[in-house]
Every structure is written in C-alpha cells, then in structure tokens.
Amino acid sequence: MNFLFDLYGTLADIHTDEKKNELWEGLAAALNENDAQALRSEYLAFCDELSKKRAHRFEEFDLLHVFEKMLGFRGISKDKAPELARKFRVLSRERLRLFPCVKEMLAELKQSGAGVYLVSNAQSCFTRDELDELEISGMFDGIVISSEVGVKKPHSEIFDIALAKFSLCKDDCVYVGNDLHDDVLGANAYGMITVYIETEQSGKYPGLDATPTYIARDHSDMKRILLSFI
C-alpha cells in the first residue's frame, strides 16, 4: 500500500500572518527600503499579476518569481530570491511544528514496507526548507509540490503527475489530508481511498459533497487507520 500525504494542516501545524507589520518592516530593512506598506502593496500587485496569467484557477504559479521581480525592480540579482523568500517566510511564520505522533507514524509506515509520499499544495521556496526544519524530508519516498509542477489539488493533473513520477497505481493508494475540497474531493474523484482529519487549518465548505472513506478523530487515530492497511 502507498500513502500520499498533504503537509500543512495534516502533518504540520502551521500558522502564518502575512499582514503583520513586523514582516513588512523586516523585509523593507533587508531591501534598504523605508516604506514597508508600499513594499507590501508591491508584493501583492506582483502576486495578482501572476495569478491573472493562469490558464485556470488550479494552475499554480511559483511564488519565487514574485521575489525575483521584487529584486529585479531594484537591480538586484534574482539569485538572491531564495534568500529573500526564506526571510519572508520566517518573518511571517508564527508557528511550525509537527502534530503529535506524526514522525513515529511515518517511520512505522516505512518500516512496514509501505510507500510514503508527499503531494501537497505549497510553495517550494518555503516548503523545502520547512521539511528540513521539521526533520521529515528523508521520510518520504517522493515529493510533489504544486508550485514545482504548476498545478494544485483538487485538479486531477497533480495526481497524474505524482503517480506517474512514482510509478504507482491509484488502486494501491490512500490519500491523507485535512481539506475536504482540495484533498478529499480531489482524491475521491481520482479514485483513491481518502482519510480526512479536521484541524485548525481545515477549510469550511458548507454544502460541499465530499465524503472521505475514513475520518480520523486525531493523529493517533490517523496512525491506527493507516497502519490497518498494512
């Protein structure tokens, strides 16, 4: 059996605030700027510009290009964009930690011989570093991040990409996530077994017709459900 996981809100408990003054003041200082709010407006304008270029609403743009545009606007090499992105994320982040027993669960699944994969809507310029920080990068047999492949859940293309990349069959896959729309609706439609857990980061979708195969009460229950497939 193979287990495909979402990251934020499913395995990792995260909270960010991209509106707080400390973020924009810190970023302005890093760029030798004086007007933090003007910098925020510029960032949002560049994000909106890239968003409007998408062919459809599930196409994912790479946020690193926004940081490259901000640097280019100032005559600074785009090679500095990953560093600026990391600073942005650290300043905006208020909490990042694994949910209880996640690391033990992933380890037990791998030890059992199951495939363990990450298929997540996320920005690679943030997520790759955070996987290392959480010390779980090496626990996955493969990773697909939406900003790297250009499409996000619930669109079927991201599942096509993941299964082709890892040579998996959907009949042997369980998708685990905390979002009824992105995770459950998408994976259900694709034909995978789904396991849903509600967390603080879960979206609210009144009237959405998306019923998971299993519902985990907490992460201990998630571990029990997943190990029952082995």
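Structure: see above.
The model shown is predicted, which means the values in this text are computed figures rather than measured ones. (Residues numbered from 1 in each chain as written. Predicted model: local features only at pLDDT ≥ 70, side-chain atom pairs only at ≥ 80, totals over all residues. Heavy atoms only, no water.)

J.: Account for helix α8 (residues 156-166), with residues named and values stated.
T.: Along α8, the residues classified as buried are I158, F159, A162, L163 and F166. Angularly, the buried residues of α8 cover 125 degrees about the axis, an arc narrow enough to put them on a single face. Residues of α8 that are exposed and angled more than 90 degrees away from the buried face: A164 and K165. Where α8 is buried, its residues touch β1 (2-5), β4 (115-120), β5 (142-145), α7 (146-149), β6 (173-177) and α9 (180-190). (Buried < 20%, exposed > 50% of the residue type's maximum accessible area, 1.4 Å probe, protein only. Helix = DSSP H or I, 4+ residues; strand = E, 2+ residues; numbered from the N terminus. Arc of directions from axis to C-beta. Contact = heavy atoms within 4.5 Å.)

J.: Before we move on, could you go through the packing of aromatic side chains and cite the residues and values that matter?
T.: Under the counting rule described, the total for this entry stands at 12 aromatic pairs. Ring centres 5.3 Å apart and planes at 55 degrees place the aromatic pair W24 and Y43 in the tilted group. Separated by 19 residues along the polypeptide, W24 in helix α1 (residues 21-30) and Y43 in helix α2 (residues 36-52) bring together distant segments of the chain. According to the relative accessible area criterion, W24 is buried, its value standing at 0%. Y43 sits in the buried class, given a relative accessible area of 3%. (Phe/Tyr/Trp six-rings, centres within 6.5 Å; stacked < 30°, edge-to-face > 60°.)

J.: Quick one: what's the story with the nonpolar core, residue by residue and with numbers?
T.: Within the largest apolar cluster, 33 residues are counted, with the highest numbers of intra-cluster contacts made by F5, L106, F140 and L226. Mapped by element, the contributors of at least two residues to this core are β1, β2 (12-16), α5 (102-111), β4, β5, β6, β7 (193-197) and α10 (219-227). When residues of this core are assigned to their parent elements, the largest contribution, 4 residues, is made by α5. If we skip the residues at most four places from it in the chain, F140 touches L11, L106, V116, Y117, L118 and L131. Core analysis: the next-biggest nonpolar cluster, separate from the first, contains 24 residues, W24, C47, F67 and L71 among them. (Core = buried A, V, L, I, M, F, W, Y, C linked by side-chain atoms within 4.5 Å.)

J.: Residue-level account of the packing of α1 against helix α4 (residues 81-92), with values.
T.: α4 packs onto α1 with a crossing angle of 155 degrees between their chain directions and a minimal axis gap of 8 Å. With respect to their mutual orientation, α1 and α4 come out roughly antiparallel. When the axes of α1 and α4 are compared, the crossing they make is right-handed. Contacts from E22, L23, W24, G26, L27 and A30 in α1 reach L84, K87, F88, L91 and S92 in α4. For the contact of α1 with α4, a count of residues per class yields 7 nonpolar, 2 polar and 2 charged. (Axes fitted to C-alpha atoms, helices over the stretch in contact; angles between N-to-C directions. Parallel < 35°, antiparallel > 145°, perpendicular 65-115°, else oblique. Left-handed = near helix turned anticlockwise from the far one by under 90°. Nonpolar A, V, L, I, M, F, W, Y, C, P; charged D, E, K, R; others polar.)

J.: Break down the environment of E68 for me, with residues and values.
T.: One can find E68 in helix α3 (residues 64-72). For E68, a relative accessible area of 21% gives the class partly exposed. Residues E68 and P82, spaced 14 residues apart in sequence, show a C-alpha to C-alpha distance of 8.6 Å. Those residues in contact with E68, other than ones at most four positions away along the chain, are K78 and A81.

J.: Can you break down the pairing of β5 residue by residue, with the values?
T.: Here β5 shows no split at all, with G142 and V144 on one side and I143 and I145 on the other all buried. As paired strands, β4 and β5 are joined by 4 bridges and run parallel to one another. Bridge pairing links V119 to V144 in β5. (Pairing = 2+ DSSP bridges.)

J.: I'd like a description of the side chain of H181, backed by residues and values.
T.: In this fold, H181 is placed in helix α9. Relative accessible area serves as the criterion here: at 16%, H181 is assigned to the buried category. Within the structure, H181 has its side chain in polar contact with the side chain of D182 (distance 2.8 Å). Once you skip the residues sitting within four places of it in the chain, H181 turns out to touch F58, P154, G186, Y205 and L208. (Polar contact = N/O pair within 3.5 Å; in protein donor to acceptor, adjacent residues only side chain to side chain.)

J.: With reference to specific residues and values, describe the pattern of salt bridges.
T.: According to the stated counting rule, one finds 22 salt bridges in the structure shown. Note that R95 and D13 form a salt bridge whose closest N and O atoms lie 3.1 Å from each other. Pair noted here: R95 is in strand β3 (residues 93-98) and D13 is in strand β2, with a separation of 82 residues, a long-range link. The class for D13 is buried, based on a relative accessible area of 7%. A salt bridge links K53 to E49, with the shortest nitrogen-to-oxygen separation between them at 3.7 Å. For E49, a relative accessible area of 30% puts it in the partly exposed group. (Salt bridge = Lys/Arg side-chain N within 4 Å of Asp/Glu carboxyl O.)

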